Amino acid sequence: MPAIVIVGAQWGDEGKGKATDLLGGRVDYVVKPNGGNNAGHTVVIGGEKYELKLLPAGILSPNAIPIIGNGCVVNLEALFEEIEGLEARGADTSKLRISANAHLVAPYHQILDKVTERFLGKRAIGTTGRGIGPAYMDKVARLGIRVQDVFDESILRQKVEGSLRQKNELLVKVYNRRNVLVEEVVEYFLAFADRLRPLVVDSTYVLNTALDEGKVVLMEGGQATFLDVDHGTYPFVTSSNPTAGGASVGSGIGPTRITRCVGIIKAYTTRVGAGPFPTELFDDMGIYLQKTGGEFGVNTGRPRRCGWYDSVLARHASRVNGFTDYFVTKLDVLTGLESIPVCVAYDVDGQRHDEMPMTQTDFHHATPIFEYFDGWTEDISGARSLADLPVNAQKYIEALERVSGTRISAIGVGPDREQTIVINDLITS
Ligand code: IMP
């Protein structure tokens, strides 16, 4: 009964889609435990590029049953648009299932996301504007609308009314926007009911029964460790728990059933949106990594901020997730660099910090202390084993393993599913 969790170890966009896709052929279920259409997975199969926002990357694995878990927030319009887009390209989405307990993103959540960001001004989070934060706020405030509510018109109306009573006050009196009509929202949701009905299941029952039967379940976390509302760089975070514990809650698979926890980590670091980022590059090298790595958001098209690998973050992520393995992605992007810096500690106002500073203030003032490694010029995109890598690339990987707190079990050397070096099998060993 292997239950494997995949978690981004940095600020997202580490290539989780590729890892899921790589394992996809051997897993029976892929569940997305958190997030919504704020995510962005790029999966390349046989040169064909797929960009996924709400659906788990496992949707492209022909044998896996993809599930949107109870911890997700679902925008129904975005869901069906994505399904139709994939179907038009020949993908089979018929196996997709959605938890009856997942929450829905309402049109007013998106309005609130945008007006709140504007209201915050200089302190804006840089959200994706997809209404994710407001939808999670409603969930915790017990004002949310769940997938199952769409099948009970009377309950749906009551809940929409309850939620809008408060939101309309905010929208009209604080943000100077027009009020949202209950009937419009009810009609909006009801319009999806027939298409939604065959997809909805008690996903915790489905997944736990599958584990009882010896099936392989993969939990594909959205976002990443440092965007986690508890463990991330709060308040510059998303509104869910993308860490491994959140995967358990968001899919209803108890922590004792999790057998592997794989951190996906880029060979350098990127971040979209606002917030501290100690190894960020502000010079031509940052632009170089952005261009070479194709670092532009799948979801919003925003250029990603780029910087060097940060092992302080990697060690912290290892701890809070309990990683068993690291999958290092995009090593090929570093090919051609003369020397590659790796952040091993921080300097905070003249004091060395080997681990994550305790306070936000210190983290904001942290500057990186680097160790430098010699680069390589050989094309590594065809490497399929560690021995195929140039010696300096091997040394770089050894160094990352030494400073990151978890063994490295796989390395991505190009965007395609095949362009991967597997050192330890991520399911069995
Ligand atoms: P939200 O999730 O839209 O509320 O955005 C909160 C923060 O998380 C912003 O900085 C976003 O750019 C970031 N974010 C959300 N989802 C992703 C993702 O999948 N990859 C990278 N950053 C993300």
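Residues numbered from 1 in each chain as written. Predicted model: local features only at pLDDT ≥ 70, side-chain atom pairs only at ≥ 80, totals over all residues. Heavy atoms only, no water.

### With respect to the side chain of D416
For step 1, the next point in the chain: Tracing the chain through its elements places D416 in the loop between β19 (408-412) and β20 (420-422).
For step 2, the next point in the chain: R417 is the oppositely charged side chain nearest to the buried, salt-bridge-free D416, at an N-O distance of 6.4 Å.
For step 3, the next point in the chain: Those residues in contact with D416 that sit more than four places away from it in its chain are K18, V44, I45, G46 and G47. (Helix = DSSP H or I, 4+ residues; strand = E, 2+ residues; numbered from the N terminus. Buried < 20%, exposed > 50% of the residue type's maximum accessible area, 1.4 Å probe, protein only. Lys, Arg positive; Asp, Glu negative; His and termini not counted. Salt bridge = Lys/Arg side-chain N within 4 Å of Asp/Glu carboxyl O. Contact = heavy atoms within 4.5 Å.)

### As for the sheet that holds strand β5 (residues 65-68)
For step 1, the next point in the chain: As summarised here, the arrangement of the ten strands in space is β9-β7-β5-β2-β10-β1-β11-β15-β19-β20, forming an open sheet in which the pairing is mixed. The sheet terminates laterally at β9 (200-201) and β20, the two strands that pair on one side only.
For step 2, the next point in the chain: Relative to strand β15 (residues 325-329), strand β11 (residues 260-266) runs parallel, the two sharing five bridges. Across the sheet, G263 pairs through a bridge with Y326, a residue of β15.
For step 3, the next point in the chain: Where helix α8 (residues 203-212) meets the sheet, its contacts fall on β1 (3-8), β2 (29-32), β5, β7 (97-99), β9 and β10 (217-220), and the angle it forms with β2 comes to roughly 145°.
For step 4, the next point in the chain: Along the sheet face, helix α13 (residues 391-404) touches β15 and β19 and points at about 135° away from the line of β19. (Pairing = 2+ DSSP bridges. Axes fitted to C-alpha atoms, helices over the stretch in contact; angles between N-to-C directions.)

### Details of a nonpolar patch on the surface
For step 1, the next point in the chain: On the surface, F119, L170 and V174 cluster together into a nonpolar patch covering about 270 Å² of accessible area.
For step 2, the next point in the chain: Its location among the elements puts V174 in helix α5 (residues 153-174). (Patch = residues over 30% accessible without salt bridge, like charges linked within 9 Å, V, L, I, M, F, W, Y side chains within 5 Å. Areas by Shrake-Rupley, 256 points an atom, 1.4 Å probe, with all protein chains shown as cover.)

### Some words on the site of the ligand
For step 1, the next point in the chain: Surrounding the ligand, one finds 17 residues, the nearest of these being D13, N38, T128, T238 and R302.
For step 2, the next point in the chain: A total of 470 Å² of accessible area belongs to the ligand in isolation, and the protein chains cover 97% of it.
For step 3, the next point in the chain: A class-by-class count of the residues in the shell around the ligand yields six nonpolar, nine polar and two charged.
For step 4, the next point in the chain: Both domains that furnish three or more residues to the shell around the ligand are identified here as domain 1 (3-93 + 202-422) and domain 2 (103-197). (Near = heavy atom within 4 Å. Nonpolar A, V, L, I, M, F, W, Y, C, P; charged D, E, K, R; others polar. Domains from an automatic or database assignment.)

### Observations regarding the nonpolar core
For step 1, the next point in the chain: If you look at the biggest cluster of nonpolar residues, it comprises 63 residues, and the most contacted ones within it are L331, L334, L389 and Y396.
For step 2, the next point in the chain: Among all residues touching L331, those that are not within four sequence positions of it are A267, W376, I380, L389, Y396, I397, I411 and G412.
For step 3, the next point in the chain: Core analysis: the next-biggest nonpolar cluster, separate from the first, contains 44 residues, I59, I98, V147 and Y188 among them. (Core = buried A, V, L, I, M, F, W, Y, C linked by side-chain atoms within 4.5 Å.)

### Here we look at the pattern of salt bridges
For step 1, the next point in the chain: Overall, the coordinates contain 25 salt bridges when judged by the stated rule.
For step 2, the next point in the chain: Here K49 makes a salt bridge to E51, at a shortest N to O gap of 3.8 Å.
For step 3, the next point in the chain: R315 is the salt-bridge partner of E355, the closest N and O atoms lying 3.1 Å from each other. A residue pair is termed long-range when its members are at least 10 positions apart, and E355 in the loop between β17 (351-353) and α12 (360-365) and R315 in helix α11 (residues 311-321) qualify at 40 residues.
For step 4, the next point in the chain: Judged by relative accessible area, R315 falls into the buried class, the value being 15%.
For step 5, the next point in the chain: Each of D13, K266, E295, R304 and K330 takes part in salt bridges that share partners, so that together they form one network.

Spatial relationships are all this shows, so hold off on functional conclusions.
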